[in-house]
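An overview of the molecular structure
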Amino acid sequence: MRTLKTFKLILLVMVSGIIASGIYSCGNRSTDNSSKRPEISEALIEQEVEKYIYPLPSTFEVTNMLNEIEASYIFDIANDPDKAGSYFTEKSRAVNLGIYIADLAYATTYNQTSEIQDYFRAIERLTRELDLTAALPGNLPEQISENINNKEELINIVTHVFQNAYSFLNEQGRTELSYLVLAGTVYEGLYLTTNISENTFQNPRLIEVILFQKQHIRELGELMDEYQDSEILRETRQDISAINKIYALEEGTTSMTRTQVNQLTQTITQIRNKHVE
């Protein structure tokens, strides 16, 4: 999406400046009095940027696909925004922040203005309780109110909300929590896709949306591989692994078996519901 490319460009400029300043400062402390600034490799800049850039495609890609295949908006399928205050652990707040972000994307895609405001309030509460307030613009409520009927601008605002939250967590050294937020968005995206119809298996276009998410879920598992000793990520790694194993039952790129679809629907529903209840 355009907003993701813009966000990455801004990070490239910022990080290159930080790296340049650091290297130049070190150079000034050396015995070499040359005033020539050192060259900075593109690979080094890219490596630094990747620490902070949102690593998966936007949830909007999933919700837009659902909208494009004319899947109806279901009002009671998403997590209840009034439950935002019932999550008391750091883990449950992070996962449900991701879930609410996906629900916000879903409501925004379908122009559900009342739900949009409700989910923004839920997200604001969890970001405050996770000490992420600094990641959000101070005038966010005003931005939402002013653009409540401007779908394109709302998509830009929402996209920046979860990109900024992810980057902020990583900048604070809270990478494990950032992965929990990612997991929440992935869980909800797949949950919406598999539960939006009672006849998922018989709808080839829904199967395409399910398969679209396959690689993203695999990538999330790979991201968490370096945290195998992390207690807070242990259950999440197991759940992502369980989903990936179902995808792996049939490695097709355009179709799934009925068994796969049924197992995937049951598994993601159980995983998602244990977090939102």
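None of these values were measured; they are calculated from a predicted model.

Let us look at helix 3 (residues 59-68). Residues Thr-59, Phe-60, Val-62, Thr-63 and Leu-66 constitute the buried set of helix 3. Here the buried residues of helix 3 occupy an arc of 160 degrees about the axis, which is enough to place them on one side. On the buried face of helix 3, the contacting elements are helix 4 (90-109), helix 7 (151-171), helix 8 (175-195) and helix 9 (204-212). With its phi angle positive at about 65 degrees, Glu-70 sits one or two positions after the end of helix 3.

Another point: the packing of helix 7 against helix 8. At a minimum axis distance of 7 Å, the contact between helix 7 and helix 8 shows a crossing angle of 160 degrees. As far as their axial angle goes, helix 8 and helix 7 are roughly antiparallel. Between helix 7 and helix 8, the residues in contact are Tyr-166, Leu-169 and Asn-170 and Thr-175, Leu-177, Ser-178, Tyr-179, Val-181 and Leu-182, respectively. Residue composition of the contact of helix 7 with helix 8, by class: six nonpolar, three polar and no charged.

Moving on, we come to helix 9. What helix 9 keeps buried is the set Leu-206, Ile-207, Val-209, Ile-210 and Leu-211. Contacts from the buried residues of helix 9 go to helix 3, helix 8, helix 10 (214-224), helix 11 (231-247) and helix 12 (258-276). Its side-chain oxygen at 3.1 Å from the backbone nitrogen of Arg-205, Asn-203 defines the N-terminal cap of helix 9.

Time to look at the nonpolar core. Judged by nonpolar contacts, the single largest core of 74 residues is most densely connected at Phe-120 and Ile-243. At 11 residues, helix 8 tops the list of elements feeding residues into this core. With near-sequence residues (within four places) excluded, Ile-243 lies in contact with Tyr-187, Leu-190, Ile-217, Leu-264, Thr-267, Ile-268 and Ile-271.

With that settled, the discussion passes to the packing of helix 3 against helix 8. One can describe the packing of helix 3 onto helix 8 by two numbers: an axis separation of 10 Å at closest approach and a directional angle of 5 degrees. When the axes of helix 3 and helix 8 are compared, the pair comes out roughly parallel. Here Thr-59, Val-62 and Leu-66 of helix 3 come into contact with helix 8, specifically with Thr-185, Gly-189, Leu-192 and Thr-193.

Right, let's talk about the confidence of the model for the chain for a bit. With 79% of its residues at a pLDDT of at least 70, the chain reaches an overall mean of 83. Taken as a whole, residues 1-52 scores under 50 in pLDDT and shows 53 contacts with residues more than four places along the chain or in a different chain.

For the structure on display, the rule yields six aromatic pairs. With a centroid separation of 5.0 Å and an interplanar angle of 80 degrees, the aromatic rings of Tyr-73 and Phe-75 are classed as edge-to-face. Given a relative accessible area of 12%, Tyr-73 falls into the buried group. The exposed category is assigned to Phe-75, whose relative accessible area is 55%. A ring pair is formed by Tyr-106 and Tyr-110, whose centres lie 5.3 Å apart and whose planes are at 70 degrees; its orientation type is edge-to-face. Given the relative accessible area of 13%, Tyr-110 is considered buried. Among the aromatic side chains, those forming a connected cluster through ring pairs are Tyr-73, Phe-75, Tyr-106 and Tyr-110. The positively charged end of Arg-272 is found above the aromatic ring belonging to Tyr-191, 4.0 Å away from the centroid.

One can find Glu-152 in helix 7. By relative accessible area, which is 56% here, Glu-152 ends up exposed.

Cut-offs used in this document
- Residues numbered from 1 in each chain as written.
- Predicted model: local features only at pLDDT ≥ 70, side-chain atom pairs only at ≥ 80, totals over all residues.
- Heavy atoms only, no water.
- Buried < 20%, exposed > 50% of the residue type's maximum accessible area, 1.4 Å probe, protein only.
- Helix = DSSP H or I, 4+ residues; strand = E, 2+ residues; numbered from the N terminus.
- Arc of directions from axis to C-beta.
- Contact = heavy atoms within 4.5 Å.
- Axes fitted to C-alpha atoms, helices over the stretch in contact; angles between N-to-C directions.
- Parallel < 35°, antiparallel > 145°, perpendicular 65-115°, else oblique.
- Nonpolar A, V, L, I, M, F, W, Y, C, P; charged D, E, K, R; others polar.
- Polar contact = N/O pair within 3.5 Å; in protein donor to acceptor, adjacent residues only side chain to side chain.
- Core = buried A, V, L, I, M, F, W, Y, C linked by side-chain atoms within 4.5 Å.
- pLDDT = per-residue confidence, 0-100.
- Phe/Tyr/Trp six-rings, centres within 6.5 Å; stacked < 30°, edge-to-face > 60°.
- Lys NZ or Arg CZ within 6 Å of the ring centre and 35° of its normal.

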